[in-house]
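One letter stands for each residue in the lines below.
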Amino acid sequence: MTVTTPKGFRAGGVAAGLKPTGNPDVALVVNDGPDFTAAGVFTGNRVKAAPVLWSQQVLKGGIVRAVVLNSGGANACTGSQGFRDTHSTAEHVATVLRGGSKPVMIGAGDVAVCSTGLIGELLPMDKLLPGVTAAAKALAYDGGGRAAEAIMTTDTVPKNAVVRRDGWSVGGMAKGAGMLAPALATMLVVLTTDASADNEVLDAALREATRLTFDRIDSDGCMSTNDTVLLLASGASDVQPTPEELTAAVTEVCHDLAQQLIADAEGATKHIAITVEGAASEADAVEVGRVVARNNLVKTALFGNDPNWGRILAAVGTTSAAFEPDRVDVAINGVWICKGGAAAEDRSKVKLDHRDVTITINLREGEMAATIWTTDLSHAYVHENSAYSS
């Protein structure tokens, strides 16, 4: 149930010593073809890590034959040396794969690079490059699980997902537990499919999938410098689904991974789904949902099991969405404690002693709706992000 479930992909993960814990920290995913089409979306942060800048260039060629990923260091804000190190990593991947037991005809320009960890420090190349060599030797058709473990940082569990269709499938792995905020993508994600599809179809499928999934989870409002989502197609199934079928399958995998990410968010005690309905436009629904998801007063109230609808309404009022304050309704866990912008059902009816929480906001302006997923703001989140550098 990993990136190696679709035919044509090998993966591996090893410990190279980048993490002081000694846990796995270098992963490699290889597409054995016969197709090598790919698509990618990247962080919207203007401060982009060297691996993002490199991989964006690689994607312009439309072919990705391998993805190398490391945890234990972001290689972000590292200047020209950081970019040279990324280039060297891709060159090393290509060299090792060309000379391996199953030679791959590959150049550095066919290798996407992803990094995650502390911003502002150069990677220890004396450890990373031997780790890449070891990861190449560890490549296996059942190696997706080990690759998913190697990209973890503050994650408590690896994150994998698979969707099977008639004769073809889509697999994926992801990492992320903090800095989960929309930017076309969040965290590091590698998706694979053995379907046949050209670059244009892959790109459209990936962008629609991320728009509805990764772009709508928001644990802490913090946007990373390294966010990358890649979709690789091997064509090994010899099945060419329709663009609609491919988009649906990719979206299903992305939704699964997105929910795993938000469930594992740093310090979270609540998994919160904010659904905005009755909006004049989808953009209005997303804006309102996102503002509520990022509101610290709402998040702390939910951590304290307080169904404080006043904080929700106040957050809605900071948006540019179309609505009349005296028409808005708010429900928490199905109890409509605000009707027409004023108190309604007894708030004591709202039970918040479970992890899953739903907030429904009806703007009464139209027929559009959207859901944003978030978490509460706990003591544990503050501790985790103050007790060490991240």
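Just so you know, these numbers come straight off a predicted model, no measurement behind them.

Rules used in this analysis
Residues numbered from 1 in each chain as written. Predicted model: local features only at pLDDT ≥ 70, side-chain atom pairs only at ≥ 80, totals over all residues. Heavy atoms only, no water. Helix = DSSP H or I, 4+ residues; strand = E, 2+ residues; numbered from the N terminus. Rg over C-alpha atoms; globule rule 2.2 N^0.38 Å. Buried < 20%, exposed > 50% of the residue type's maximum accessible area, 1.4 Å probe, protein only. Areas by Shrake-Rupley, 256 points an atom, 1.4 Å probe, with all protein chains shown as cover. Lys, Arg positive; Asp, Glu negative; His and termini not counted. Charge placed at Lys NZ, Arg CZ, Asp CG, Glu CD. Axes fitted to C-alpha atoms, helices over the stretch in contact; angles between N-to-C directions. Parallel < 35°, antiparallel > 145°, perpendicular 65-115°, else oblique. Left-handed = near helix turned anticlockwise from the far one by under 90°. Contact = heavy atoms within 4.5 Å. Nonpolar A, V, L, I, M, F, W, Y, C, P; charged D, E, K, R; others polar. UniProt positions renumbered as here; feature names shortened; annotations may be inferred. 1 Å grid on protein atoms, 1.4 Å probe; cavity = no way out; pocket = protein on both sides within 12 Å on 5 of 7 lines; lining within 4 Å. Core = buried A, V, L, I, M, F, W, Y, C linked by side-chain atoms within 4.5 Å. Pairing = 2+ DSSP bridges. Disulfide = S-S within 2.5 Å. Expected span 1.5 Å × (residues − 1). Points joined across faces, edges and corners; volume = space filled by probe spheres on them.

A. Layout of the overall build of the chain. Secondary structure assignment for the chain yields 10 helices and 15 strands. Over its C-alpha atoms the chain spans a radius of gyration of 22 Å, differing by no more than 12% from the 21 Å that the globule rule assigns to 390 residues. Reported as C-alpha extents along the three principal axes, the dimensions of the chain are approximately 70 × 50 × 35 Å. Burial statistics for the chain: of 390 residues in total, 56% are counted as buried. Of the roughly 14,900 Å² of accessible surface on the chain, 53% is carried by carbon and sulfur atoms. Mean positive and mean negative side-chain charge positions of the chain (32 and 44 charges, respectively) differ by 4 Å.

B. Layout of the packing of helix α1 (residues 50-60) against helix α2 (residues 79-98). Contact geometry for α1 and α2: axes closest at 8 Å, N-to-C directions at 55 degrees. Relative to α2, the element α1 lies oblique. Considering how the two elements wind past one another, α1 and α2 form a crossing that is right-handed. Taking contact as the criterion, the partners of Ala50, Pro51, Leu53, Trp54 and Gln57 in α1 are, on α2, Gly82, Phe83, Thr86, His87 and Ala90. In the contact of α1 with α2, the residues fall into six nonpolar, four polar and no charged.

C. Summary view of the UniProt feature "binding site: substrate" (unreviewed entry) in the chain. UniProt marks Thr153, Lys175, Thr186, Glu266, Asn385 and Ser390 with the feature "binding site: substrate" (unreviewed entry), using the numbering shown here. Lining residues of the largest cavity drawn from the annotated set just named are Glu266. In this fold, Glu266 is placed in the loop between α6 (243-263) and β10 (271-279). Residue Glu266 is classed as buried on the basis of its relative accessible area of 7%.

D. Examining the nonpolar core more closely. Judged by nonpolar contacts, the single largest core of 53 residues is most densely connected at Leu28, Val67, Leu69, Leu97 and Met173. When sequence neighbours within four positions are dropped, the list of residues in contact with Leu28 reads Arg10, Ala11, Gly12, Val67, Val68, Val93, Leu97, Ala135, Ala136 and Leu139.

E. Summary view of the pairing of strand β2 (residues 26-31). With six of its six residues buried, β2 lies for the most part within the structure. Burial along β2 is two-sided: Val26, Leu28 and Val30 and Ala27, Val29 and Asn31, pointing in opposite directions, are all buried. The pairing of strand β1 (residues 9-14) with β2 spans six bridges and is antiparallel. Note that in β2 the partner of Gly12 across the bridge is Leu28.

F. Expanded view of the sheet that holds strand β5 (residues 111-116). As summarised here, the arrangement of the four strands in space is β1-β2-β4-β5, forming an open sheet in which the pairing is mixed. For this open sheet the edge positions go to β1 and β5, each flanked by a neighbour on one side alone. Shown here is a sheet whose adjacent strand axes are inclined to one another by a mean of 10 degrees, direction ignored. Against the sheet, helix α3 (residues 125-137) engages β1, β2 and β4 (66-71), with an angle of about 45 degrees to β2.

G. The arrangement of the state of the cysteines in detail. One pass over the full model with this rule turns up zero disulfides. Unpaired in this structure, Cys114 has its nearest cysteine sulfur neighbour in Cys254, at a distance of 14 Å. For Cys114, a relative accessible area of 2% corresponds to the buried category.

H. Spatial organisation of α2. Spanning 20 residues, α2 covers 29 Å between terminal C-alpha atoms, matching the ideal 28 Å at 1.5 Å per step. Where α2 is concerned, the buried positions are Gly82, Asp85, Thr86, Thr89, Ala90, Val93, Ala94, Val96 and Leu97.

I. Structural detail: the sheet that holds strand β9 (residues 228-233). With respect to topology, five strands assemble into an open sheet ordered β3-β9-β8-β7-β6, the strand pairing being mixed. A single partner strand is all that each edge strand has here, and the edge strands are β3 (37-42) and β6 (159-165). Strand-to-strand twist in this sheet, taken as the mean axis angle between neighbours without regard to direction, amounts to 10 degrees. Here β3 runs beside β9; their pairing, made up of six bridges, is antiparallel. When the bridges of β9 are listed, Val41 appears paired with Val229. Across the sheet, α6 lies against β6, β7 (168-175), β8 (188-193) and β9, angled at about 155 degrees from β6, the strand it touches most.

J. Structural context of empty space enclosed by the protein. If you walk through the whole model with that rule in mind, you get two cavities of 30 Å³ or more. Taken as a whole, the largest cavity encloses approximately 40 Å³ of empty space. For the largest cavity, the full set of lining residues is Ser219, Asp220, Ala265, Glu266, Lys299, Thr375, Asp376, Leu377 and Tyr381. If you trace the second largest cavity, you find it lined by Val298, Ala301, Leu302, Asp306, Pro307, Asn308, Arg311, Ile312 and Ile332. Listed by contribution, the elements that provide at least two residues to the lining of the second largest cavity are α8 (296-303) and α9 (309-316). With three residues, α8 is the single largest residue contributor to the lining of the second largest cavity. Partitioned by chemical class, the residues of the lining of the second largest cavity number six nonpolar, one polar and two charged.

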